[in-house]
Amino acid sequence: MPAARVEYIAPWWVVWLHSVPHLGLRLQPVDSTFRPRDESYQESLLFLGLVAAVGLGLNLVLLAAYLVCVCCCRQDDAVQTKRPRSCCVTWTAVVAALICCAAVGVGFYGNSEANDGVYQLLYALDNANHTFSGIDVLVSGTTQKMKVDLEQHLARLGEIFATRGDYLQTLKFLQQTAGSIIAQIAGVPVWTEVTEELTELANQTSSVEYYRWLSYLLLFVLDLALCLLACLGLAKRSRCLLASMLCCGVLALLFSWTSLAVDAAAAVGTSDFCAAPDTFILNITEGQVRPEVTQYYLYCSQSASSPFQQALTVFQRSLTAMQIQVAGLLQFAVPRFPTAEKDLLGIQLLLNSSESGLHQLTALLDCRGLHKDYLDALAGICYDGLEGLLYLGLFSLLAALAFSIMICLGPGAWKHCATRDRDYDDIDDDDPFNPQARRIATHNPPRGQLRSFCSYSSGLGSQGSLHPAQTISNAPVSEYMNQAALFGGNPRYENVPLIGRGSPPPTYSPSMRATYLSVADEHLRHYGNEFPG
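Source: prediction; values computed, not measured. (Residues numbered from 1 in each chain as written. Predicted model: local features only at pLDDT ≥ 70, side-chain atom pairs only at ≥ 80, totals over all residues. Heavy atoms only, no water.)

(A) Seen up close, the overall build of the protein. Tallying secondary structure elements over the protein gives 18 helices and zero strands in all. Sequence-distant contacts, at least 24 apart, represent 80% of the contacts inside the protein between residues at least 6 apart. Per element, the accessible surface of the protein, about 30400 Å² overall, is 61% carbon and sulfur. (Helix = DSSP H or I, 4+ residues; strand = E, 2+ residues; numbered from the N terminus. Contact = heavy atoms within 4.5 Å. Areas by Shrake-Rupley, 256 points an atom, 1.4 Å probe, with all protein chains shown as cover.)

This is how it looks when you write it as structure tokens:
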């Protein structure tokens, strides 16, 4: 095995995902070799998405069955108390919220890892494109110099040296050597088509990655918002917030299983590529690049010779021979033909620039640069990218679990809110200790209430006990007033008289006491004859 090949070792998750059974839609086994254009292989990845869809269906069925059982098995209303057992509901909601927050944290990490892996791939593709473009530019530039520029100089020199056969023979040698150089560099592959395909792949990958990253970010925000909505609904015991949370929770559950299906298919397909990336690249470049050239860049073995070594060696030797011939012409022909100096210097400058281009071409054709870009691309896909997909799959599972728990808590939380409303409904509106009743009484006319409460239908004993002399006496504060001062901080004065109700003795305010006594005197004068003292 080549030494450079050891630099890439498939991680354990690639081996694990690659071993996942590949089945078609008819449950027939499918070869796990990465073949994205093959219909049977596409069906095997689609089957993984259908498995996630089946999981979603089972989840919804179990939730529906649980909710039906909870709604049908109602407890006896007599057993329910005014303080329901909400501790279980609260702590379960807290656990669901913690699971949701943990899922979002895992999702953020996985989304960042996948994004880093994709951009590492794009960076490697950009570097490879830069290398391929540089090779094409150097090859086309050298060909242009040898075919056009050199031919122009040689044609003018042929006219100048028309009378010297030995000089014409040297010019013919230069022309044949230039043809040999053109034939040698013609063996260098033209990477224009490969560069176009890599550029298109990079653009598509960048666009898909942007929308993928943004979609997951919005999904994280939605999950956190639903957790906050659930907490607010339980804290405020709001049925409206709980209903909104339940509806959005079902939607988030659907999104979680959908993302799980996409992540599973993408992860398995990526692992199939990472299990044998060389085979796939050799197959797709078979009609564009010679296999020995592709293998040279994929493996970059120090023991293997470059397929361009012979062409580059001939190129170098030809340039050296041409430079020697041009130097001889400058030394011996220019003194006799001064007009030939300009063209000879032009040829010498052309050969020097061609030699500089040869050194650059040799560096670009070396396998180490492109092999490093290849390894960087594999590291971005198979390490960071695939690891990020696994974390995103874990996020989807945790989010689905969290929202399933929240949906199961719906009936209990709903009864919790209903119990609170029932507690307030059970309070007697006529209870003098009901603060709501006192607030209502303060907004009603006092005289109408006095006639209602100061009626003599309760008996004469009540009237006889309310003699003015006894009521306005400077007696000590009553026991009820002491209790009011003890528990309330300050003595409270009742705004409504409480005669005939069996309530504790009221502590009226001074204005209320005066009004009450005046009404009592009027009733005594009016009924004095009928009920003598």
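Next comes the rest of the write-up.
(B) How the structure looks around the state of the cysteines. This structure, assessed with the given rule, holds two disulfides. Residue Cys300 pairs covalently with Cys367 via a disulfide, S to S 2.1 Å. Because the torsion about its S-S bond is 60°, the bridge between Cys300 and Cys367 counts as right-handed. Within this pair, whereas Cys300 is found in the loop between helix 8 (291-299) and helix 9 (309-332), its partner Cys367 is found in helix 11 (residues 367-408), the two being separated by 67 residues in sequence. (Disulfide = S-S within 2.5 Å.)

(C) Main features of helix 8. Of the residues making up helix 8, those classed as buried are Val293, Thr294, Tyr296, Tyr297 and Leu298. Buried residues in helix 8 make contact with helix 7 (277-284), helix 10 (341-365) and helix 11. At the exit of helix 8 stands Cys300, carrying a positive phi of roughly 50°. (Buried < 20%, exposed > 50% of the residue type's maximum accessible area, 1.4 Å probe, protein only.)

(D) How the structure looks around unusual backbone geometry. Not every positive phi belongs to a glycine, and Leu27 is a case in point at roughly 65°. If you trace the backbone, Leu27 turns up in the loop between helix 1 (12-18) and helix 2 (39-72). With a phi close to 50°, Cys300 is a non-glycine residue in the positive phi region.

(E) Highlighting the packing of helix 2 against helix 11. Axis separation between helix 2 and helix 11 bottoms out at 10 Å; the angle between their running directions is 20°. Judged by the inter-axis angle, helix 2 sits roughly parallel to helix 11. Where helix 2 crosses over helix 11, the handedness of that crossing is right-handed. Residues Asn59, Leu63, Tyr66 and Leu67 of helix 2 touch helix 11, and the partners they reach there are Ser404, Ile407 and Cys408. (Axes fitted to C-alpha atoms, helices over the stretch in contact; angles between N-to-C directions. Parallel < 35°, antiparallel > 145°, perpendicular 65-115°, else oblique. Left-handed = near helix turned anticlockwise from the far one by under 90°.)

(F) Layout of the UniProt feature "transmembrane region" (unreviewed entry) in the protein. Feature annotation in UniProt assigns "transmembrane region" (unreviewed entry) to the following positions: residues 45-68, 88-109, 213-234, 241-262 and 389-414. As annotated, residues 88-109 comprises 100% helix and 0% strand, and the C-alpha atoms at either end are separated by 32 Å. As a span, residues 213-234 carries 100% helix and 0% strand, and end to end its C-alpha atoms are 32 Å apart. (UniProt positions renumbered as here; feature names shortened; annotations may be inferred.)

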